[in-house]
Every structure is written in structure tokens, then in C-alpha cells.
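Overview (structure and organization)
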There are 2 protein chains.
Amino acid sequence: MASSGAAKELQLQGLRTYEQEPRRSASLIVNSQEPFNAETPASVLSSSYLTDEDMFYKRNHGPIPILPDPSTYNLIVTGALPNPLSLSLDFLKSLPKYTVVATLQCAGNRRTEMSKVRKVRGVGWGAAAIGTAAWGGAKLSDVLKLAGVDHFSNVTAEKGRHVEFVSCDLCKEENGGAYKASIPLLHATNPEADVLLAYEMNGKVLNRDHGYPLRVVVPGVIGARSVKWIERIIISERECQGFFQQKDYKMFPPRVDWDNIDWQSRRPLMDFPVQSAICEPQDGVVVKSGDAVDLYGYAVAGGGRGIERVDISVDNGKSWMEAHRLPKLQVGSDGYEDDSQRPDWAWTLWELKNVNVETPCTVIVKAVDTAANVQPADVGDIWNLRGVLNNSWHKITLQAQHPSSMSKL
Amino acid sequence: MASSGAAKELQLQGLRTYEQEPRRSASLIVNSQEPFNAETPASVLSSSYLTDEDMFYKRNHGPIPILPDPSTYNLIVTGALPNPLSLSLDFLKSLPKYTVVATLQCAGNRRTEMSKVRKVRGVGWGAAAIGTAAWGGAKLSDVLKLAGVDHFSNVTAEKGRHVEFVSCDLCKEENGGAYKASIPLLHATNPEADVLLAYEMNGKVLNRDHGYPLRVVVPGVIGARSVKWIERIIISERECQGFFQQKDYKMFPPRVDWDNIDWQSRRPLMDFPVQSAICEPQDGVVVKSGDAVDLYGYAVAGGGRGIERVDISVDNGKSWMEAHRLPKLQVGSDGYEDDSQRPDWAWTLWELKNVNVETPCTVIVKAVDTAANVQPADVGDIWNLRGVLNNSWHKITLQAQHPSSMSKL
């Protein structure tokens, strides 16, 4: 179905070995070496509205692909649409450029906490499988319009209802080869949804770890749909049938386990729920009773919802204070004006300073989004076998200073 | 700023007495007589996807207005826009008609449960200040387009950013006279948001209790913004400064009470959070231990989010079963096709039949929306002085059958 132009051979190479991985910061917290999965030290997250691209969490299912010659790269847009395309990187860069500040969050963020209740499967993550960047690129809705699909289409004349993103990333064989995912056509063709084909991250060329030369960014949605190293966009009648769309990244109730799971019974996760975490101080640090501490962290909601309030307790939930929500970064972006009416795709950083604590104590954060959704108190209530979307109240403990533990200082 | 056509005198009359109230069903549960506030018996809600208009909850702040002569009615569209309008009912009916199945919910739904934790101010409501209807009318976005404001506008050339709906409803003097509310311009001009100027409810002419001749329906948003008996639409630079937008229907944390409230510190509520309730059996009914019961209820989320799952426990939360979500009503509406990609504005009714119970017991329902938001377990965590948006786990008790309580049967 692709036009003759689409026949050009792709030059983006998925690799089968880990011998050509990019250099990475030694400060990352590595949760798995091959494939490389690493998160940011939490204190780095709360120290800057935009997360440095080298420190941004890295979530992979295979080796990082390589593009030996950028001039040979073409993005194929094909499937159930009127006008299949093959687009060079230069052409994509010639389209109107949008810069969208958006938080990406792995559905597995805070999985390790969930595993403490009952073991779940998947890479362990602390509370930093999340980050915010200014993504620059073309709007997917504009590219689909060039391919003959109007804005706000929910179906094409050729019966296409889903937009599949296919990477050249080579996942493990049992996971079906190339990483792929899909979103509904209406989401993809809605210019207000700000889905990008991004070639820039924080004003720099997207690096290999984050999808060079081109990646999808689906704001407000779990990171798994923001496919990196994208090679092909396919408009399909059905949603993506790949492993990560159909047999992973779905939410099950606590009573479902590996012996009674029915993957077909649930929809693929999209929007993530309201979430927050304490980034500083670190869990378990020693604080002298009566001392004051400064608390820092993030709060975020999916689907374009903003954060209405952030509540903090330093007495394990007996009383609550409101954190100060820091001003959000406004990026004066091409074609975009600052506007509080538009969807909110990025986190709110918060702080609460000079809080007197009686140690030992448990510090809790919970947030409320603009739709008045709240986080659940108890991780057990949302336990699920894949350990996804843990947005229960985030807790850290501050230890008391005992003579015998002075060495911890 | 209104055109000369707008000078025509309005004939919709706000009344100062309760002598001309409409006749109402004796089956309604009346929470306040003047103004008339009443809810549906819960078992009626779960027995029909669309709520009968006579049984639909009624939430008022004053006497029901009257329109002696429909031919004299005009809707005024004015303020910061290029082309002020005065529109007759016949003209509004000549515009493309949309039928939107939408659930309206009072922000005070389930307030009475919240008051049991600590007294809140406001009319007491059980779990039935909610209902679903097929609303028929013109799209607000189409009317605003006629007034010179394009679809998807967030600001007009005249600096309008908010759309205020002014009723002729005469509220108590201390509440500032005519009931009014506003929504952001982008919401109003977004045709996908399905905001209606409705003249029909369930295929019939809107009745007086529900806003005859014309009301606003803002799907996915607390009922307070769906202004009845609308007389005037004003595009403004600021959001509505009326009592019910600025000094009511806002969400405060539990530590804020009437002696330390700062109304300016919070935004007016819009989207409501994920919610569910058990409609049948009734709280407190007697069931013989070991007997089977059939459970029925509703689940709904604001902002166009659907319901992903409904969980039921009959042992006070120790174990959970999944309720069966009933098919949603599809209204083959003018200009609309059924489409799961579109926002979901209406509730999901659910049932769980033949459940063996050991009485006495507590039955709980909680729902998960399509953004994986969940309801909070504890109403105390979301307590607020106005008792709004109580979406904590809904509980009923089933009493045991004791010889001494046989008379309860």
C-alpha cells in the first residue's frame, strides 16, 4: 500500500548486541544493564523543571539502534489511508515545528514499592522512572493530514481506526521483535493532543538513548506508547497486536495472577492517573528530632489534567500541610502561546521548607488533580501482577539520630 | 455591546415566590422543599439507563422560573465577541441538532455520608443526586461560531476568555441574584466537548424543573455549570464572578474550615472524579445469612473518561469480585455516530447477581476509570467543609435476620 517512494530501504538498524550502546552518565541508577534500564537520582528530578537528557530515565527492551547515515533515513507512513508517504528527516524538519513540554512516565514507575506488598514481575523502579523535557518536532496530526487524514478523524475511508508506531528496536524474540504500540486515530489526528514526531529534546538533537533520529511523544499517556527510533507508522483497522500492547501494560485487579490472567479482558493502558513523590530528602536519612527539613518533589496527572493541590504529612497521615507548587516552565514555542486553558502535559514541582519533624517519622505526599482525582492511600488496593501505575501515597521515613547510629551521618 | 436585536425584552420570568412550582412525582426523595431539592430513589436509577425526566434529581437555588409566551423568548449572546446575537427558540431549533447522552451529577452527591464524619454545610444528598439523559439541542460551539468566535478559540480579539451563562433564576439575595456560571472559552468552542444549549430531554420538550425553555449541558463537569433557564451568554475576560462560581463549589482540604477559608485560593470545580454507588439493595435491609443477593448500581467519571472496572466486596474489603458492566445505551443521534474513541459522557450501570452473603456484612463498591484513577477508601481523607465531590468507596450494610427483628421484614 506504500507509494513507490516508500520502497526505499531503511537505514536505521536495530542491533542484536549490546556492543554499540551509547555512553551514559555514571550517576544514573541502573536497574538492568542489558537491556539498559536506569532511572534518575530523585534529587536531580526535583532540582530542575526540565530533566537533563543524559539524566532522563532510560527504559529499553533491547539494544539501542544505530543510524549510520542520517541522509538515508525515511519515515514510512502507510496502511489504511489515502496517501502513503515516505518522509526524510529534512522534510519532517521543514514542517511547522512545535515544542511541547511534557512529562514522560514509565507505567512501571514505583514498581519496587508495589513488590514489597507482594512480588510483581518486571524491572524494579524507584520513584524516578519519570522526567520532563521540552520535546521539539512535527505534529503527528500534521503528518497524517499530508497523508490524507483530516484533523479530528476517528476513521479513514479505508477503515483505519488506529495509528501504530513501529520501531526498529529489536526486542527479545518472545516479545515479538520490533517494539511497537498504537493509539486511537482520533487521538493521533487531534492537534490539541500535541502528539509529536520529535527530533529534539531540550533544544538539542534527540540522542540515541531517547530515540535518535525520531521518536513519538504522546503527552499524558504512559511512556510505552511514545515509541523511540520510529521507522514506520501504520494506520490499521485494529489496535496494535504487538506484545507490549496486548500482553503487557494492562491493569488487572489484585485477584488476577499469572495462573488466571486473561489478557484480552483488559484494554491497553493510555492516560496515567494522578501521581506524586518525595524526591528529597532520601528515604531513611537520619534527622535529629526537632530539626527542620526541606521537602521537594513532583506531582503530575495524565490526560492533560493539571495538579490542584499537594498535601504533605510528617506524622504518618495524622495531620497535613499544603506544599508550595512551584511555577511551571513556560516555553515560548513556535506556534504556541502560554495558555492555562490548554491541556497540561507536564509535572508540577513542589516544595515545603523548614518543616519541624519529630523523628523517627513517616513523611507522606499525595496530590489532587484538576478533576479532583486523588491518590489511593494503600498500595495493596491497586496491587497488580505487572506492577503498573503504582500511584499510592508516596512515603519515606526519617530516622532518629541515636548515639549508636551516628556512623550513618 | 449587544446588537439592536438584543434589546428585545426577555419574557422568561424569575419568580420570587414558590406559588407556581411545577407538579412533581410523589416518589422523589425531597431534601429541601423551598428551594425544591430532591433526588431519585436509588433503585430507580439502576433500573434504566436513561433517567426518567420526572424522576431525575432536581437541584435549585430559588423558585422555578416561568415563560408565559415561548414566542417572546430570545437568547442573548453578547460580551467580548465580534457579532452579538439575539436568538429565538425557533432559530436555535433550526441549527444542527445534536443528541448527547450525558450524566449530570451534583457536586454535593453523597454529601450526607461526608457529614457523618464531620458536619458539612449544604443540602443533604444521598447517592442519587445524579442522573443520565439524552439531551437534545444546538452545540454551543456552533452558536458561538455564528457570533464570530471560531471553533477551538481560547481567546477572542476582544480578549474574551470565559463564557458565562446567566439564568433568570432568582437565587437568595445574599447569593447575588440570578444564578450564573462560566466555563473556559476553549471548552465552549471545542465541538468535541459537546456542550449543548438543550431544549430537549429524553426526546421530549425540556420541562420547567430542568430548565425550560433552554439550558446548558456541560458533559463531564459538575452539574452547577449546566445552567438552567438560560437567558444570556456573556463572553468575558474574567471567569464568572458570581457566588456559585467564586464562593461555592470549590474543593478545600480537610484542615480548612469556615474560620480560615480563603475562597480565592482555589479554582472553581469543573470535571468530577471517578465515582460509583450501590443502588440496590438499600442500605440496612435484612438478609438471611447464606442467602444470595443481586447487586445493582452506577459508576461514572468526569471529563469524558469511561469506566474500566467496577469492584465489589461483600466482606468489608477483605476480598473483591468484579461487577458486570452493562452495555451502554447508544443513541443514534443526528450528526453523531457511535464511537468508542469519542469522550464518554455517561455512566456505566453494573450488576452482580447471586452473591452469597454472610450477614451482617458491609458491601462496598469502588470503580476504576480509563485513566486508572481510583476512588479513595476513606471519606475522611477528602472531607471538605462544603461537602463536595464525595467519591469515597460507597458502602451499605446488610443486616442479619434475628428473631427479634422479624418485624423489619
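Residues numbered from 1 in each chain as written. Chains lettered and ligands numbered in written order. Predicted model: local features only at pLDDT ≥ 70, side-chain atom pairs only at ≥ 80, totals over all residues. Heavy atoms only, no water.

We now examine the interface of chain B and chain A. Facing the 42 residues of chain B at the interface are 42 residues of chain A. Overall, the association of chain B and chain A removes approximately 3600 Å² of surface from exposure, summing both partners, and the carbon and sulfur fraction of that is 42%. Linking chain B with chain A are 6 salt bridges. We note a salt bridge from A:Arg255 to B:Glu322, for which the minimum N-O separation is 3.1 Å. (Contact = heavy atoms within 4.5 Å. Buried area = accessible area lost by both parts, 1.4 Å probe. Salt bridge = Lys/Arg side-chain N within 4 Å of Asp/Glu carboxyl O.)

This brings us to the sheet that holds strand S3 (residues 74-79) of chain B. Residues and elements named next belong to chain B. Here 5 strands make up an open sheet; going across it, the order is S4-S3-S12-S7-S8 and the pairing mixed. Lying at the two open borders of the sheet, with one neighbouring strand each, are strand S4 (85-88) and strand S8 (178-184). Between one strand axis and the next, the sheet turns by 20 degrees as a mean value, whatever way the strands run. Summarising the sheet, strand S7 (residues 162-170) and S8 pair through 6 bridges and their orientation is antiparallel. Counterpart to Val 163 in the pairing with S8 is Ile 183. (Pairing = 2+ DSSP bridges. Helix = DSSP H or I, 4+ residues; strand = E, 2+ residues; numbered from the N terminus. Axes fitted to C-alpha atoms, helices over the stretch in contact; angles between N-to-C directions.)

This paragraph deals with the pairing of strand S1 (residues 29-32) of chain A. Residue and element names in this part refer to chain A. Note that S1 and strand S2 (residues 37-39) share 3 bridges and pair antiparallel. Bridging across to S2, Ser 32 finds its partner in Asn 37. In this structure, the hairpin formed by S1 and S2 is closed by a connection of 4 residues.

Looking now at the relation of the copies chain B and chain A. Look at the two chain copies: a rotation about an axis and a shift along it is all it takes to match them. Between chain B and chain A, the superposition needs a rotation of 180 degrees and an axial shift of 0.0 Å, giving an RMSD of 0.0 Å. Such a combination of turn and shift is consistent with a two-fold rotation axis. Ranked by how close their C-alpha atoms come to the rotation axis, the residues of chain B are headed by B:Pro376, at 2.7 Å. When the interface residues of chain B are mapped onto chain A, 100% of them are again interface residues, pointing to one common binding face. (Least-squares fit on C-alpha atoms with pLDDT ≥ 70 in both.)

Residue and element names in this part refer to chain A. Here we have 5 strands laid out as an open sheet, ordered S4-S3-S12-S7-S8, and mixed in their pairing. The two strands at the open ends of the sheet, each matched to only one other strand, are strand S4 (85-88) and strand S8 (178-184). Taking each pair of neighbouring strands and ignoring which way they run, the sheet shows an average axis angle of 20 degrees.

Let us now look at the packing of aromatic side chains. Residue and element names in this part refer to chain A. For the coordinates displayed, the defined rule picks out 21 aromatic pairs over all chains. With centroids separated by 5.8 Å and ring planes inclined at 80 degrees, the aromatic side chains of Phe 56 and Trp 135 adopt a geometry described as edge-to-face. You can see Phe 56 sitting in the loop between helix H1 (42-46) and strand S3 (74-79) and its partner Trp 135 sitting in strand S6 (residues 130-139), a full 79 residues away along the chain. Judged by relative accessible area, which is 1%, Phe 56 ranks as buried. Classification of Trp 135 as buried rests on a relative accessible area of 0%. With a centroid separation of 5.0 Å and an interplanar angle of 80 degrees, the aromatic rings of Phe 243 and Phe 244 are classed as edge-to-face. Through successive ring pairs, a cluster of aromatic residues spans Phe 56, Tyr 57, Trp 125 and Trp 135. Looking at Arg 24, its charged tip hangs above the ring of Phe 36, at a distance of 3.8 Å from the centre. The ring centre of Trp 320 lies 4.4 Å from the NZ or CZ of Lys 366, which sits over that ring. (Phe/Tyr/Trp six-rings, centres within 6.5 Å; stacked < 30°, edge-to-face > 60°. Buried < 20%, exposed > 50% of the residue type's maximum accessible area, 1.4 Å probe, protein only. Lys NZ or Arg CZ within 6 Å of the ring centre and 35° of its normal.)

This paragraph deals with the pattern of salt bridges. Taken as a whole, this structure holds 34 salt bridges over all chains when the rule is applied. B:Glu322 is the partner of A:Arg266 in a salt bridge, and the nearest nitrogen-oxygen pair spans 2.5 Å. Of this pair, A:Arg266 sits in the loop between helix H6 (243-246) and strand S13 (275-280) while B:Glu322 is found in strand S16 (residues 321-322), placing the two residues in two different chains. A relative accessible area of 8% places A:Arg266 in the buried class. B:Glu322 sits in the partly exposed class, given a relative accessible area of 24%. Through salt bridges that share partners, A:Glu21, A:Arg24 and A:Asp209 make up one connected network.

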